[in-house]
Number of protein chains: 2
Amino acid sequence: MDYAQLASLADQTLNDELRQDARAFLAEQHPADLAMHLADWPVELALRVLELLPLGRQAEVFGYFDADDQLTLTEQLPDERLAQLFTEMNADERADLFAELPEATQHALLRRLKREEQEDIRRLSAYPEETAGAIMTTDFVSLREHMTVQEALDSLRAQAPDSETIYRAYVTDDIGHLIGALRLQNLIFARAGRRIAELVEPDPLAVLVDSDQEEVARHIAKYDVLAVPVVDADNRLLGIITYDDAMDIAEEEATEDIHSIGAVGDLDENVRDAPMFTLYRKRIVWLVLLVFGALFSSGGIAYFEDTIAAYVALVFFLPMLIGSAGNAGSQAATLMVRALAIGDVEMKDWGFMLGKELVIALALGATMALAVSGIGIFRGGPDVAFVVALTMLIVVLFGSLIGMSLPFVLQRVGVDPATASAPLVATIADAGGVIIYFGIATVFLGLPAPGSA
Amino acid sequence: MDYAQLASLADQTLNDELRQDARAFLAEQHPADLAMHLADWPVELALRVLELLPLGRQAEVFGYFDADDQLTLTEQLPDERLAQLFTEMNADERADLFAELPEATQHALLRRLKREEQEDIRRLSAYPEETAGAIMTTDFVSLREHMTVQEALDSLRAQAPDSETIYRAYVTDDIGHLIGALRLQNLIFARAGRRIAELVEPDPLAVLVDSDQEEVARHIAKYDVLAVPVVDADNRLLGIITYDDAMDIAEEEATEDIHSIGAVGDLDENVRDAPMFTLYRKRIVWLVLLVFGALFSSGGIAYFEDTIAAYVALVFFLPMLIGSAGNAGSQAATLMVRALAIGDVEMKDWGFMLGKELVIALALGATMALAVSGIGIFRGGPDVAFVVALTMLIVVLFGSLIGMSLPFVLQRVGVDPATASAPLVATIADAGGVIIYFGIATVFLGLPAPGSA
């Protein structure tokens, strides 16, 4: 059997034999693959296939769907079945889904759940988005320091089925304060009579519940840990965040930065599945803002209209000059935005980076000036070549320094540095470039100064 | 004690008491934090502090340094001490470092290592860069299917100290063919007399040794596994790749894509520490290429010089029109580059995405046309407003479709789609925009056709 056959089967009433064939096929599939295929199917078909699986596995597959696919599926699920699924789902995944559900469904669902599950869902879905609290799970294993190794192993065995990982266990005192962490590896190779207090690693690398999710992901990557515990201000253990969540967050944050650099607003969905109006909205805001930004370039051109009219050949060089300023600026901004995001560069490096950029941009500008002066001589003689080369040197410098500084400035005033998009930097560099170019041309080519006519 | 005090101590000859204080402080630090601080210190100082640590911990800290910091440190290490460090380092990390060492150091080093270590290093460092082989480690645990649970646990205990993880063990037949995987969790809770063959999970999600590292990272993220086994074409187990490597690769690949989108060449180093000449090289190539790309815009302007001379006011709108084409194109390219990189969109979606982009770009273009026609009426009357609005609609459509398609075209011809940088797309959109703008203006404003004078 393959997925295509499965789809055609799911469409008919199955006899026992076919049902068994389908179940055998499903049992061999990884839940991630199953979710990937089912996501492309019509909802009713996907639900019929899901129904063939044991409940625990249904929840597992369900956890691999995208947020929007999950929502679509839940709309078709009877409340009773949704409640069953919720009972089996990971605590962090179900809290995320719960937060997205319509209020009526939330109520219907909560009424059908056990009290402790209700509370768990309410608590987890109450944390602000993109914080440690919002992404942590309460499915972790905790041990007490007075336990023996044997008691701890027994406790782990009991907790294992409901836990995301038992490879790192967290040790608390009797009222839930986090004391340390313990690797399963150290536990199973220890003598059965030893106390947990002797084995515990004192610094469990905890994060605060209100930490930014990006910070948490970097924390996990930096220390190469499987999971980090999440605590409140009193050091009480609230949950854990595992490496696979950290990977998802890192991917999400990189996507956000990349979109930002390309002047696209924050897009949570897959670009293939996102509604067209959403994509329109995420793009039009910056396009309109930038067109008004371009008015500064236009203003510069209007100001120098007489210069241009007297020497129309100058317009020939305009695209390459302002283009180069924008390109050098985009490069500098891109380098800084990423370096700030992954922590390669920090606020305190601003001065150092500015000095470095000054030297590099001068070298870039000089090379570009050389390249463009050749075209200048060919097109307009030595005078024009001089003006064009000098302009190139200055606009590349200008663009680079703006591009490099803007992400720092934004970060300083509390705005995401990735807002310093390539188009934004290019627009600013354009406006500066127009004024620098025609200003230099007016001076060196003996053209009428603006307004002198 | 803190890091500042440690630095001042490391500079002097230590008496026993101070040395012990320093050691006590060091013992409390996470190797990742130690490496981070020592990387900023003068090399001799860092080496003196490293020397205070037990050899195994030295190797651990060393493994957390950046590649270039590792190289700098090794230059100052006597061959004998370097050999000791190598013996303790993780197999994958030392192979990476080995590949970077000067040939003379490689020879001196190999002579001092045991035969099996020599072979391990030679083999691992021989795999092509950015493949599964180059990033895998040989420090994994393997079990045989005929073992009992008790035998397997004993074997794990023996292998544990040299392994990157024992939470996933791999089961092979007697000549090394991969049969399946086993979670430590399932092993420790199984009856001691059961056979491994009964517990093994048959599909260990293996990757081929010559797979691209990006693919491997996505594989690990998709299946949420701690580690994946790496096999050759005959399904022989060669090594494993763990989630922390996958996180590093994902970060590296995202950085590469971001730089590419900003038209910066592939930069392996931290932008703060990278030599200025390296940064110059990574930027100048694209800047020069793009300036020649801008010649097409200039050519367009030269072609329409008479049109421009007859109606200089048209230049006023040039920046916002070609800027908008470039911005819309940058947005589309950025969305596609990222979607292709994370697998949200595939080659087969090209047609679908093109249709979607057509609708979105028309909506964007219409909105922008409206915005700019206001400025057009104010600045040049209804005729100019009409020309400017029509141009805007067409150039936004043109820029968007180019920006959307270019990443697909590049991927199709085997070039990294991220080469479709915002500046490249903007340059192409500029050239098209100039011709479209002045072409429309010539037709609708009754201006002299180019060459008609």
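Residues numbered from 1 in each chain as written. Chains lettered and ligands numbered in written order. Predicted model: local features only at pLDDT ≥ 70, side-chain atom pairs only at ≥ 80, totals over all residues.

**Let's talk about the overall build of chain A**
Move 1: Secondary structure summary: chain A contains 21 helices and six strands in total.
Move 2: In terms of overall dimensions, chain A is more spread out than a globule: its C-alpha atoms have a radius of gyration of 30 Å, far above the 22 Å expected for 453 residues.
Move 3: The proportion of buried residues among the 453 residues of chain A is 47%.
Move 4: Expressed as a percentage of contacts within chain A between residues at least 6 apart in sequence, the contacts between residues at least 24 apart total 72%. (Helix = DSSP H or I, 4+ residues; strand = E, 2+ residues; numbered from the N terminus. Rg over C-alpha atoms; globule rule 2.2 N^0.38 Å. Buried ≥ 20, exposed ≤ 12 C-beta atoms within 10 Å, placed from the backbone. Contact = placed C-beta atoms within 7 Å.)

**Examining the domain arrangement of chain A**
Move 1: With domains assigned, chain A is organised as domain 1 (3–126), domain 2 (142–242) and domain 3 (276–444).
Move 2: Between the C-alpha centres of domain 2 of chain A and domain 3 of chain A there is a distance of 51 Å. (Domains from an automatic or database assignment.)

**A closer look at the interface of chain B and chain A**
Move 1: With 85 residues of chain B at the interface, the matching set in chain A holds 86 residues.
Move 2: Broken down by class, the residue content of the side of chain B that touches chain A amounts to 55 nonpolar, 16 polar and 14 charged. (Nonpolar A, V, L, I, M, F, W, Y, C, P; charged D, E, K, R; others polar.)

**What about the relation of the copies chain B and chain A?**
Move 1: The two copies are related by a screw motion: chain B maps onto chain A through a turn of 180° and a shift of 0.0 Å along the axis, at an RMSD of 0.1 Å. Each copy turns onto its partner about a two-fold axis.
Move 2: The residues that chain B uses at the interface reappear at the interface of chain A in 100% of cases, marking a shared surface. (Least-squares fit on C-alpha atoms with pLDDT ≥ 70 in both.)

**With respect to the sheet that holds strand β2 (residues 168–172) of chain B**
Residues and elements named next belong to chain B.
Move 1: The sheet built from three strands is open, its strands ordered β1-β2-β3 with mixed pairing. Each edge of the open sheet carries a strand with a single partner, namely β1 (142–144) and β3 (178–183). Adjacent strand axes in the sheet meet at a mean angle of 35°, parallel and antiparallel pairs treated alike.
Move 2: In this sheet, β2 lies alongside β1 in parallel orientation, the contact comprising three bridges. Residue pairing in the sheet places S142 in a bridge with Y170 of β2. (Pairing = 2+ DSSP bridges. Axes fitted to C-alpha atoms, helices over the stretch in contact; angles between N-to-C directions.)

**Some thoughts on the packing of helix α4 (residues 43–51) of chain B against helix α6 (residues 67–76) of chain B**
All names here are of chain B.
Move 1: At a minimum axis distance of 10 Å, the contact between α4 and α6 shows a crossing angle of 80°. For the element pair α4 / α6, the angle class is roughly perpendicular. Where α4 approaches α6, its residues V43, E44, A46 and L47 are matched on the opposing element by T72, L73 and Q76.
Move 2: In terms of residue class, the contact of α4 with α6 is built from four nonpolar, two polar and one charged. (Parallel < 35°, antiparallel > 145°, perpendicular 65-115°, else oblique.)

**As for the environment of A:P275**
Residues and elements named next belong to chain A.
Move 1: The residue P275 is located in the loop between α16 (243–261) and α17 (276–303) in this model.
Move 2: The exposure class of P275 is exposed, given the 11 C-beta atoms found within 10 Å.
Move 3: Separated by 136 residues in sequence, P275 and Q411 place their C-alpha atoms 31 Å apart.

**Some points on helix α21 (residues 422–444) of chain A**
Residue pairs three or four apart in sequence face the same way in an α-helix, which turns once every 3.6 residues.
Residues and elements named next belong to chain A.
Move 1: Helix length check: α21, at 23 residues, gives a terminal C-alpha distance of 31 Å against a target of 33 Å (1.5 Å per residue), a fit within 8%.
Move 2: Among the 23 residues of α21, 18 are classified as buried, and the element is accordingly described as predominantly covered.
Move 3: Of the residues flanking the end of α21, it is G446, one or two places downstream, whose phi is positive at about 60°. (Expected span 1.5 Å × (residues − 1).)

**Some details on the packing of helix α20 (residues 350–412) of chain A against helix α17 (residues 276–303) of chain B**
Move 1: The geometry of α20(A) relative to α17(B) is characterised by a closest axis approach of 10 Å and an angle of 35° between their N-to-C directions. Where α20(A) crosses over α17(B), the two elements pack in a sense that is right-handed. Contacts between α20(A) and α17(B) involve A:K356, A:V359, A:I360, A:A363, A:L364, A:T367, A:M368, A:A371 and A:V372 from the first element and B:M276, B:L279, B:Y280, B:R283, B:I284, B:L287, B:V288 and B:V291 from the second. (Left-handed = near helix turned anticlockwise from the far one by under 90°.)

**Regarding unusual backbone geometry**
Most peptide bonds take the trans configuration, and most residues that are not glycine carry a negative phi.
All names here are of chain A.
Move 1: Positive phi is not limited to glycine here, since E130 has a value of about 65°.
Move 2: In this fold, E130 is placed in the loop between α10 (115–124) and α11 (132–135).
Move 3: In this structure E130 comes out as partly exposed when scored by C-beta crowding, with 16 C-beta atoms within 10 Å.
Move 4: Positive phi, close to 50°, is recorded for D224, a residue that is not glycine.
Move 5: Residue placement: D224 occurs in the loop between α15 (213–223) and β5 (227–231).
Move 6: Given 19 C-beta atoms within 10 Å, D224 falls into the partly exposed group.

**Thoughts on the pairing of strand β6 (residues 237–242) of chain B**
All names here are of chain B.
Move 1: Across the six residues that make up β6, a large majority, six, are buried.
Move 2: Strand direction decides the pairing type here: strand β5 (residues 227–231) and β6, joined by five bridges, are antiparallel. Its bridge partner being in β6, V230 is matched across the sheet by G239.
Move 3: Taking the residues between adjacent antiparallel strands as the criterion, β5 and β6 are bridged by five residues, where N235 takes a positive phi near 65°.

**Some details on the sheet that holds strand β1 (residues 142–144) of chain A**
Sheets are built from strands that pair by backbone hydrogen bonding, the pairs being arranged parallel or antiparallel.
Residue and element names in this part refer to chain A.
Move 1: Spatially, β1-β2-β3 is the arrangement adopted by the three strands of the open sheet, whose pairing is mixed. Each edge of the open sheet is held by one strand with a lone partner, namely β1 and β3 (178–183). Mean inter-strand twist for the sheet, computed between neighbouring axes without regard to direction, equals 35°.

**Points about the environment of B:T334**
Move 1: Along the chain, the position of B:T334 falls in helix α19 (residues 318–342).
Move 2: Residue B:T334 is classed as buried on the basis of its C-beta count, with 30 C-beta atoms lying within 10 Å.
Move 3: Ignoring sequence-local partners within four residues, the contact set of B:T334 consists of A:I258, A:H259, A:I261, A:G262, A:V264, B:I261 and B:A422.

**A closer look at helix α12 (residues 149–159) of chain B**
Residue and element names in this part refer to chain B.
Move 1: Looking only at α12, the buried set comprises V149, A152 and L156. Buried residues along α12 cover an arc of 60° about the axis, so they all sit on one side. More than 90 degrees from the buried face of α12, the exposed residues found are D154 and A158. (Arc of directions from axis to C-beta.)

**Let's talk about the confidence of the model for chain A**
All names here are of chain A.
Move 1: Averaged over all residues, the pLDDT of chain A equals 90, while 99% of them reach at least 70.
Move 2: Within chain A, the element-level pLDDT minimum falls on helix α1 (residues 3–10), averaging 78, and the maximum on strand β4 (residues 207–208), averaging 96.
Move 3: On the interface metric, ipTM, the complex scores 0.86, and its pTM is 0.87. (pLDDT = per-residue confidence, 0-100.)

**Topic: the nonpolar core**
Move 1: With 231 residues, the main nonpolar core has A:A246 and B:A246 as its most contacted residues.
Move 2: Counting residues per element, this core draws most heavily on helix α20 (residues 350–412) of chain B, at 25 residues.
Move 3: Once residues within four sequence positions are removed from consideration, B:A246 is found in contact with A:M247, B:V216, B:A217, B:I220, B:A221 and B:I241. (Core = buried A, V, L, I, M, F, W, Y, C linked by C-beta atoms within 7 Å.)

**Overview of the pairing of β5(B)**
Residues and elements named next belong to chain B.
Move 1: Counting buried positions along β5 gives five out of five residues, so the element sits mostly inside the fold.
Move 2: Side chains A227, P229 and V231 of β5 all project onto a buried face; the interleaved residues V228 and V230 project onto the opposite face, where all are buried too.
Move 3: With two bridges joining them, strand β4 (residues 207–208) and β5 adopt parallel strand pairing. The residue bridging L208 from the neighbouring strand is V231, located in β5.

**Some remarks on the environment of B:V225**
All names here are of chain B.
Move 1: For V225, the location among the structural elements is in the loop between α15 (213–223) and β5.
Move 2: Distance in space between the C-alpha atoms of V225 and L318 is 53 Å, their sequence separation being 93 residues.
Move 3: Leaving out residues up to four positions away in the same chain, V225 has contacts with L205 and I220.

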